[in-house]
Every structure is written in C-alpha cells, then in structure tokens.
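This is what each chain is made of:
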Protein chains: 2
Amino acid sequence: MLNEKNVQLGKVRSSIRELFEYGKKRKAEIGEDNVFDFSIGNPSVPAPEKVKDALIEILNTYDPVLLHGYTSAQGDYSVRKTLADYINSRFGTGLNADCLYLTCGAAASLTIVLNAILNEGDEIITPAPFFPEYRVFTQNAGGKFISVKCKEQSFALDFNAIESAITPHTKGVIINSPNNPSGVVYSENDIKTLAALLEKYSLKYGNPIYLIADEPYRELVYDKDTKVPFAMNYYPRSIVCYSYSKSLSLPGERIGYIAVNNQISEFSDLYAGICGAGRALGFVCAPNLFQQLIKKVYSVTSDISVYKRNRDRLYGALIDYGFSVIKPDGAFYMFVKSPEPDAKAFCERAKKHELLIVAGDDFGCEGYARMSYCVAPEMIERALPALKKLAESYNLG
Amino acid sequence: MLNEKNVQLGKVRSSIRELFEYGKKRKAEIGEDNVFDFSIGNPSVPAPEKVKDALIEILNTYDPVLLHGYTSAQGDYSVRKTLADYINSRFGTGLNADCLYLTCGAAASLTIVLNAILNEGDEIITPAPFFPEYRVFTQNAGGKFISVKCKEQSFALDFNAIESAITPHTKGVIINSPNNPSGVVYSENDIKTLAALLEKYSLKYGNPIYLIADEPYRELVYDKDTKVPFAMNYYPRSIVCYSYSKSLSLPGERIGYIAVNNQISEFSDLYAGICGAGRALGFVCAPNLFQQLIKKVYSVTSDISVYKRNRDRLYGALIDYGFSVIKPDGAFYMFVKSPEPDAKAFCERAKKHELLIVAGDDFGCEGYARMSYCVAPEMIERALPALKKLAESYNLG
C-alpha cells in the first residue's frame, strides 16, 4: 500500500552500487591492495586547494545570516550573473542571469528539467550506452524512456536509429558528452546533424523537441584537439545540465546548474516550469555556501592529469592484452568489449581475478563492461597482471 | 505543451515571496528603516560560532576526497549513528543508524516521504493553519490534500474535524508543531488523542495511516514548561521530518533528516520507499560537508533568546493596541486575528502603514494574518507606532 514503484527502486541497488559494496566486503577479507575496484565514478583526485581556501575565506568574511540564509529559488543573483558571463565568454552565447537556475547537482538538474517539460506519456530518447539513472528520472517524471543504440565500435551517434525512434510524442533527447560509460565526445558534425534532425521533426510534428545536454564531464577531456561542442550554439532548444561534481571533485556537495536559452519563444514558460518543478520536488535552493564558492572558483578544474595518465596506461595495457576497447576522449570510464557475448559472465570471471568491473547491460548496451579509471595509478599497476590473466583465460592477444 | 502544472507553479509566487519582494522594492524607495517587514521566516539570528569553527576545522583536517565525495544515499553511516544515539538519549527511543535518512532539508524530507507512501488519489490530512507548501508537495506526489480547521482562537487540534475527514483513502496526517504560522505547540494530550484516532481508523480501514511530524521548529520554544511531544513515542507509525534550517540558522544550506520507526512491521519497505523516492527525485545524497558538520554540532542551537524577547515585546504591544492574538509557544510567527473579515484587506491597509504581514488565506485560515518575528528587535521598536495607528484605524483598544 506504499508506493510500490519507489519501494522497489529503493530495494534494488544499481549494479554499480552492488559491486562497490561487494568490493568493500572483499577488501576487508583479502586486503585493500588485493582488490582492483574499477566499479564506481567517484573522483579520486582531491578538490583543488583553491576550493578549501575559498570556503574558509567565505566562512571567515561573509555575514553568516546572509551566507547561510535562503537564496531565491533560482539561486543567488550575483552567482547566476557570474556564471552567465563566464558561459558567454567561453561559448559566445548571450545568456543573462535569468537563464540560469542553480541546482543540487546534475541529478537534480535532470529531474527538474524532465518534470518541467514532460506530460504523462511523453517520450525521451537517449543514445545507448547511457547513465542508468536517466531511465529512473524519466519514468518518475511520467515520461516514456526510449533508448537507441549508438554505432558499434565507435559509439558515435547513429542518426538512423535516432530518427526512427522519433514520434509525435518525443519531447526530448538526452545526450551525455563526454559519455558515461563510453568516454566518447560527440563531434561537432554529429551535434550539427542531430540539431538538423530535431529541427526537422519539431517542425513536422509541431511539437518542440528539447536537446538536454547532461554535462558533468565537460571539463574532463584529455587531448588538446578534443572539443566538446556547446549544444546551445547548434540548437537553440538546448537545455544544459551542468554539475561541479567531477570538475571540482565535489560530488557529495551537490552543486550545479541548468542553463536555458532565452532566444527561444517559449523561454519564459520553460524557465517558469523549471522553477515550478524545483519547488514541487522540494529543492528550495542549492546549498548557499557552495553557491558562493562557485562564484569564486567557476573557472578552476581539479588536476585531471592523473586521469589522463590512468587512461593512457590502462588503454595501452588492455589493447596489449588483446581486449577490444575504444580510447576514451573524456570522462573517466572505459567501455570494454566483452570477450564472450554475456558481459555479466565476463564480469563474474573478472571478479575471480579480483577485478571489479560493471556489465554494460544497465547502460543499455549488452556485450560490454565499464571500467572506471578515477582510481589511484598504483591500483592500475597492481591490477595489470590480473587483467593479463583474464585476457589469457579467453585466449586473447 | 510543457508541464502546465509546473509552469503555473513557477509563475505564481507564493504570497509570502510576493510581499517579501515588494518589501525589497519599497525599502529602496523610502529607506531600509522605514519599512517594517514581518513577511518572511528567514532566521535573523546568526548560526552559532561553533558552526563556523567546526566547518573550518573539518575543511582543515579531513581528507578532501572523502569529505566532498558521495556518501551513501541515506547519508554517512557515522553521522546517522550519531543522530540516532542522540534521538534515543533525548526521547528514549530505540532507533539505529538505519532508521535515519539524511536529506537536503525539511522540504526534501517531506517530498521524499510523500512520494514513498502515496499512490495516486491517496489523501493527506493537515490541520489548518498549515505551511502552504504542504499542498504543493502532496499534489506533486499524486495525493489529494485535505485541510481541516483547528479550534477557533486556540488553534489546538480539532478532533471532530480530523475524524470526519478520515476516509479509507487517508494515508497520512501532517502535523507541524511548533506550528507555522500559529506558533502553537500541540499538547501531549492532543498527540495522545490523535494517536488513538489514527490507530482506530488504521484498524477500521485496514490501511495504516502515517503521522508525519514536520519539525523544523522543534528547538524553538521559549518557556521552560513547554514540551514538544516526540510523535513516535505516542504513535509508532510516525515519520519525523527534521531540519537544521531554523535551529542552527542554516536555511540556505539544506540539511535535515527523516526518522522512521523500526518497530513497525512494514519498516523495511517504508525505508526502501524513502530510498527509492529520494533516488527518483534526484537527491543523490545530502551535502556531505554539512552532514559532517551536523555530526559535530547536533546538540547546538542558535541563540533563540532574541526570538523570545521579540515574541514578548510584539505580543505585549499587539494586545495593548487591542489586537486579538494568541501567545505563541514556539517557532517565530504570530497569527493575528484580522479586525475585518477579509484578512487580505487588512494586510493591504497594514501596507499603507509600511507594515508587511501575510494574509492567512494561503495557510488555509481566512480572517488571520501572519507576522514573522525573526527580525531585528530594533525593527519591532520602530514598527510599534505604525501598529498602533493601524489598530486605531480600526477603532481597536
């Protein structure tokens, strides 16, 4: 007689969490150094020293009544103004403070946006592989979750697949670039093609389709020539969901924003819908201390060189051992092709070598497994012999 | 084609916010000191010095990767354990860490609980006057919001009214004691009577009715003999929604908890439902820095002596001028009887005297108006002549 959907959701741990908890138990049994935990996307690099310094300065100098008081539901005006100016200077957009809505992180950004745009039965399309919670968030907002495959091997967008999934009920497409779990950054050309497709069908069905760009990994790209296109520059009906969880290594503090384009005709209704959804879901405002922090460190990023080194080392070894995997452009995940059709069986075999990796099934992509490389470089070194043995057990290489 | 319900919710500011924004404008016109703003419930007393000291100590000594990292969705185990022990020592309960679920404040606690227990069409009863967002939160969770009047003058619970509102679809009753906006604390006797009533109808209809105790004002009581009964001690199916917003003057930081009783048969499903609802709404975890803070300052309260002095001064003056108002036991609101039937007209007339007070209509109680006395004592002194003139304009006194 409780809400059965939420009871079930609370009982079933995600496969990532499940494996992470197993890892904790296993480490207690055989020692921390003997388990190679690639299960979870928790930044391993500390927040920049500037974060600590700024927080302490704020605590020492701001009036505590204002500092810890309510901000407006959208967030402190001066913080939003600073962020709008910064986005404009980076991407040549013309946003103002009232295009921004500060949130308790990317998950909050997504649930608020989905509750703002969806009516019962509306559809959200997501290219697979995708972050598994997209399904939960969409369904909770009354939407129908439709996943379409990316291209085999490259994990680039498959426009035939996307086009054939679009219906008169399509309300949005969620993209996540750099992608969790593939690490792929969608190219400028692909974003242009996607924009044209969404434009065409918005017109055809007389029903605007939003492009929801989930961007927690925007700053985590490792090569100079990798550019992450800013969706709004290609498609006006883009809604950007940003988070500082990964870029500043603050995942537990819950701070991010939604950016909406004021150049679209329904802007004021869309922004009102976001305010209304935030209110109805109980968010009140984003944590004020972290709002003030962001105003000071908006252009700072954690030292991501460790992730780059981890990527190169792990990728090189996997290829060397005979695994099939594409080199990630960004984020801190690698999506390895399972040497046997059933990725769950592959992950179970990996477990016997104390390697904790997550089957791709929950990411909408069977036959692959995700390795998170936001880990200590030493763990990767210790893990390599086990990875080699795992490859040998499949006669790879 | 957006979600019209949320668009409307975002467009219509609450009457409290509306008046607060008017006040800001008016202060700019005629000077800060000439507007008497009793509109909003933002703590005027700063967070205790211990809060700042603890935050800085935590920032200086904790490993930043752990400090700012994800906690489990329920909150850090050691924080939950500390709070469970503290609750047990205060109220003689037998809670453990897994009875607690840390949240982004009381609003989040409420939306999570309502989404955990409600199915479409289930009913939530609330005695009026009530915090207006209860209606928004209940309806967003698919519930039907039923308000019943409290007793005239005393604003004590009216059990006849509550009993006649109970149906086979009743899923919960929200109480808020000390009450916003009346300041009333429901007596132990009243909680016992309410418990018996809910027990009776849970059995009669074979459908457990939850008592949801919204407790942001628990620590804000001003007289030694005022005791706030702990609902769980009288009714096992109580769910406590607590927040540190008012007790520690941290409303902008969003930290609180839900406490559930493990002595009820469906405990594990109810707790799972809470975990599931938190996940589906996008909360991920409560801000970690503030989780760690609470572990250190759980027994500290802001200096509420200012609120007590404000209460006594304002109450005395209102009575003196001929207004009808009951003396609040707690919280920082006074609910004044409007001298004319239409409280909105009364508030408009008050505005002419630069007095900003909120009509009771949105609190489910016509004919009354709320004054928030979480303000500088000097403002009350400056406001008294205007209050006197307002009374005289009605020939009171």
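Basis of the calculations
Residues numbered from 1 in each chain as written. Chains lettered and ligands numbered in written order. Predicted model: local features only at pLDDT ≥ 70, side-chain atom pairs only at ≥ 80, totals over all residues. Heavy atoms only, no water. Helix = DSSP H or I, 4+ residues; strand = E, 2+ residues; numbered from the N terminus. Rg over C-alpha atoms; globule rule 2.2 N^0.38 Å. Buried < 20%, exposed > 50% of the residue type's maximum accessible area, 1.4 Å probe, protein only. Contact = heavy atoms within 4.5 Å. Areas by Shrake-Rupley, 256 points an atom, 1.4 Å probe, with all protein chains shown as cover. Pairing = 2+ DSSP bridges. pLDDT = per-residue confidence, 0-100. Axes fitted to C-alpha atoms, helices over the stretch in contact; angles between N-to-C directions. Salt bridge = Lys/Arg side-chain N within 4 Å of Asp/Glu carboxyl O. Least-squares fit on C-alpha atoms with pLDDT ≥ 70 in both. Buried area = accessible area lost by both parts, 1.4 Å probe. Polar contact = N/O pair within 3.5 Å; in protein donor to acceptor, adjacent residues only side chain to side chain. Phe/Tyr/Trp six-rings, centres within 6.5 Å; stacked < 30°, edge-to-face > 60°. Right-handed = clockwise from strand over helix to strand, strands pointing away. Left-handed = near helix turned anticlockwise from the far one by under 90°. Expected span 1.5 Å × (residues − 1).

Participant: Can you walk me through the overall build of chain A in this structure?
Facilitator: When helices and strands are tallied, chain A shows 14 helices and 12 strands. In terms of C-alpha radius of gyration, chain A reaches 21 Å, essentially the compact-globule figure of 21 Å for 397 residues. Burial status across chain A gives 62% buried among its 397 residues. Across chain A, contacts joining residues at least 24 apart in sequence account for 75% of those joining residues at least 6 apart. A total of about 14,300 Å² of accessible surface is found on chain A, and carbon and sulfur atoms cover 50% of it.

Participant: For this particular structure, what's the right way to read the sheet that holds strand β9 (residues 333-337) of chain A?
Facilitator: Neighbouring strands of a sheet are bound in pairs by backbone hydrogen bonds; such pairs are parallel or else antiparallel. All names here are of chain A. Within the open sheet, the three strands sit side by side as β9-β12-β11. Their pairing is antiparallel. In the strand order of this sheet, the two ends are held by β9 and β11 (358-359), each with one partner. Relative to strand β12 (residues 368-372), β9 runs antiparallel, the two sharing five bridges. Residue pairing across strands places Phe335 opposite Arg370, the latter belonging to β12.

Participant: How should the confidence of the model for chain A be read in this particular structure?
Facilitator: Any segment with low pLDDT has predicted coordinates that should not be analysed in fine detail. Residues of chain A with pLDDT of at least 70 account for 100%, and the chain-wide mean is 96. For this predicted complex, the interface score ipTM comes out at 0.96, while the overall pTM is 0.97.

Participant: Explain the sheet that holds strand β2 (residues 100-103) of chain A to me, please; I cannot follow it from the model alone.
Facilitator: Residue and element names in this part refer to chain A. Read across the sheet, seven strands follow the order β2-β8-β7-β6-β5-β3-β4 without closing on themselves; strand pairing throughout is mixed. The open sheet is flanked by β2 and β4 (144-149), the only strands paired with a single partner. Recorded for the sheet is a direction-independent mean angle of 20° between the axes of neighbouring strands. Across four bridges, β2 lies against strand β8 (residues 256-260) in antiparallel orientation. The partner of Tyr101 across the bridge, within β8, is Ile258. Across the sheet, helix α7 (residues 133-140) is in contact with β3 (123-128), β4, β5 (170-176) and β6 (210-215); its angle to β4 comes to roughly 150°.

Participant: Please explain the pattern of salt bridges as it appears in this structure.
Facilitator: In a structure, side chains of opposite charge can pair up when their charged atoms sit close to one another. A complete count under the given rule lists 47 salt bridges over all chains for this structure. Of the charged contacts, one joins A:Asp269 and B:Lys11 as a salt bridge, the two residues approaching to 2.5 Å between their closest N and O atoms. Taken as a pair, A:Asp269 in helix α10 (residues 267-281) and B:Lys11 in helix α1 (residues 4-11) lie in two separate chains rather than in one. Judged by relative accessible area, which is 46%, B:Lys11 ranks as partly exposed. We note a salt bridge from B:Glu133 to A:Arg279, for which the minimum N-O separation is 2.8 Å.

Participant: What's the story with the relation of the copies chain A and chain B in this structure? I'm lost.
Facilitator: Each copy of the chain is related to the other by a rotation around an axis and a translation along that axis. Overlaying chain A with chain B gives an RMSD of 0.0 Å, the required rotation being 180° about an axis along which the chain moves by 0.0 Å. The transformation just described matches what one would write down for a two-fold rotation axis. When the interface residues of chain A are mapped onto chain B, 99% of them are again interface residues, pointing to one common binding face.

Participant: How do you make sense of the interface of chain A and chain B when you look at a structure like this?
Facilitator: Frequently, the measure chosen for interface size is the accessible area that the parts lose on association. Contact residues are listed per partner, giving 76 residues for chain A and 75 residues for chain B. Buried surface at the junction of chain A and chain B, summed over both partners, amounts to about 5,900 Å²; 57% is from carbon and sulfur atoms. For the chain A face of the interface with chain B, the top three residues by lost area are A:Leu2, A:Tyr70 and A:Arg279, together amounting to 13%. Taken together, the connections running from chain A to chain B amount to four salt bridges. On inspection of chain A and its partner chain B, the count reaches 34 residue pairs in polar contact (both at pLDDT 80 or more). Mapped onto the side of chain A that touches chain B, the elements with two or more residues apiece are α1 (4-11), α3 (49-61), α4 (64-67), α6 (105-117), α7, α10 and α11 (288-297) of chain A. Looking at which element gives the most residues to the side of chain A that touches chain B, the answer is α10(A), with 10 residues.

Participant: Honestly, the packing of aromatic side chains in this entry has me stumped. Any pointers?
Facilitator: Working definition: an aromatic ring pair is given by the centre-to-centre distance plus the angle between the planes. This structure, assessed with the given rule, holds 41 aromatic pairs over all chains. Members of the aromatic cluster, joined through ring pairs, are A:Phe155, A:Phe335, A:Phe363 and A:Tyr368.

Participant: Looking at this structure, I do not really get the pairing of strand β6 (residues 210-215) of chain B. What am I missing?
Facilitator: Strand residues, when the strand is regular, have side chains that alternate between the two faces of the sheet. Residue and element names in this part refer to chain B. Among the six residues of β6, six are classified as buried, and the element is accordingly described as predominantly covered. Neither face of β6 is left uncovered, since the one carrying Tyr210, Ile212 and Asp214 and the one carrying Leu211, Ala213 and Glu215 both have all their residues buried. With five bridges joining them, strand β5 (residues 170-176) and β6 adopt parallel strand pairing. The residue of β6 that forms the bridge with Gly172 is Tyr210. In the classification by handedness, the crossover that spans β5, the intervening helix α9 (residues 188-205) and the parallel β6 is right-handed. With five bridges joining them, β6 and strand β7 (residues 238-243) adopt parallel strand pairing. Residue pairing in the sheet places Ile212 in a bridge with Ile239 of β7.

Participant: It is not clear to me how α11(A) should be interpreted in this structure. Could you clarify?
Facilitator: An α-helix turns once every 3.6 residues. As a result, residues three or four positions apart point the same way. Of all 10 residues making up α11(A), eight are buried, and the element is well covered by its neighbours. Every buried residue of α11(A) is accounted for by A:Asn288, A:Leu289, A:Phe290, A:Gln291, A:Gln292, A:Leu293, A:Ile294 and A:Val297. Where α11(A) is buried, its residues contact α3, α4, α5 (77-91) and β2 of chain A together with α11 (288-297) of chain B.

Participant: Honestly, the packing of α6(A) against α10(A) in this entry has me stumped. Any pointers?
Facilitator: Residues and elements named next belong to chain A. Here α6 crosses α10 at 120°, and the two axes come no closer than 8 Å. The chirality of how α6 crosses α10 is right-handed. Along its contact with α6, which presents Thr111, Ile112, Asn115, Ala116 and Ile117, the element α10 presents Leu270, Gly273, Ile274, Ala277, Gly278 and Leu281.

Participant: What exactly am I supposed to notice about the environment of B:Gly367 here?
Facilitator: All names here are of chain B. For Gly367, the location among the structural elements is in the loop between β11 (358-359) and β12 (368-372). Residues Gly367 and Val336, spaced 31 residues apart in sequence, show a C-alpha to C-alpha distance of 8.7 Å. Sequence-distant contacts of Gly367, defined by excluding residues within four places in its chain, comprise Val336, Lys337, Ser338, Pro341 and Ala343.

Participant: Where do I start with unusual backbone geometry in this structure?
Facilitator: Peptide bonds are mostly trans, and most non-glycine residues show a negative phi. Omega for the bond connecting A:Asn180 with A:Pro181 falls within 30 degrees of zero, at 20°, which places this linkage in the cis form. Assignment of secondary structure puts A:Pro181 in the loop between β5 and α9 (188-205). Positive phi is not limited to glycine here, since B:Glu354 has a value of about 65°. Mapped onto the secondary structure, B:Glu354 falls in the loop between α13 (343-352) and β10 (355-356). The exposure class assigned to B:Glu354 is buried, which follows from its relative accessible area of 14%.

Participant: Any chance you could explain α10(A) here in plain terms?
Facilitator: Residue and element names in this part refer to chain A. For α10, spanning 15 residues, the distance from its first C-alpha to its last is 21 Å, which sits close to the expected 21 Å at 1.5 Å a residue. Of all the 15 residues making up α10, 12 are buried; the element is thus mostly covered by neighbouring parts of the structure. Following α10 by one or two positions, Gly282 has its phi on the positive side, about 95°.

Participant: Explanation requested: the side chain of A:Asn310 in the structure shown.
Facilitator: All names here are of chain A. One can find Asn310 in helix α12 (residues 305-321). Residue classification places Asn310 among the buried positions, given a relative accessible area of 2%. Among the polar contacts listed, one links the side chain of Asn310 to the backbone oxygen of Val375, at a separation of 2.8 Å. Those residues within four positions of Asn310 in sequence are excluded, and the remaining contacts are Tyr373, Val375, Pro377 and Ile380.

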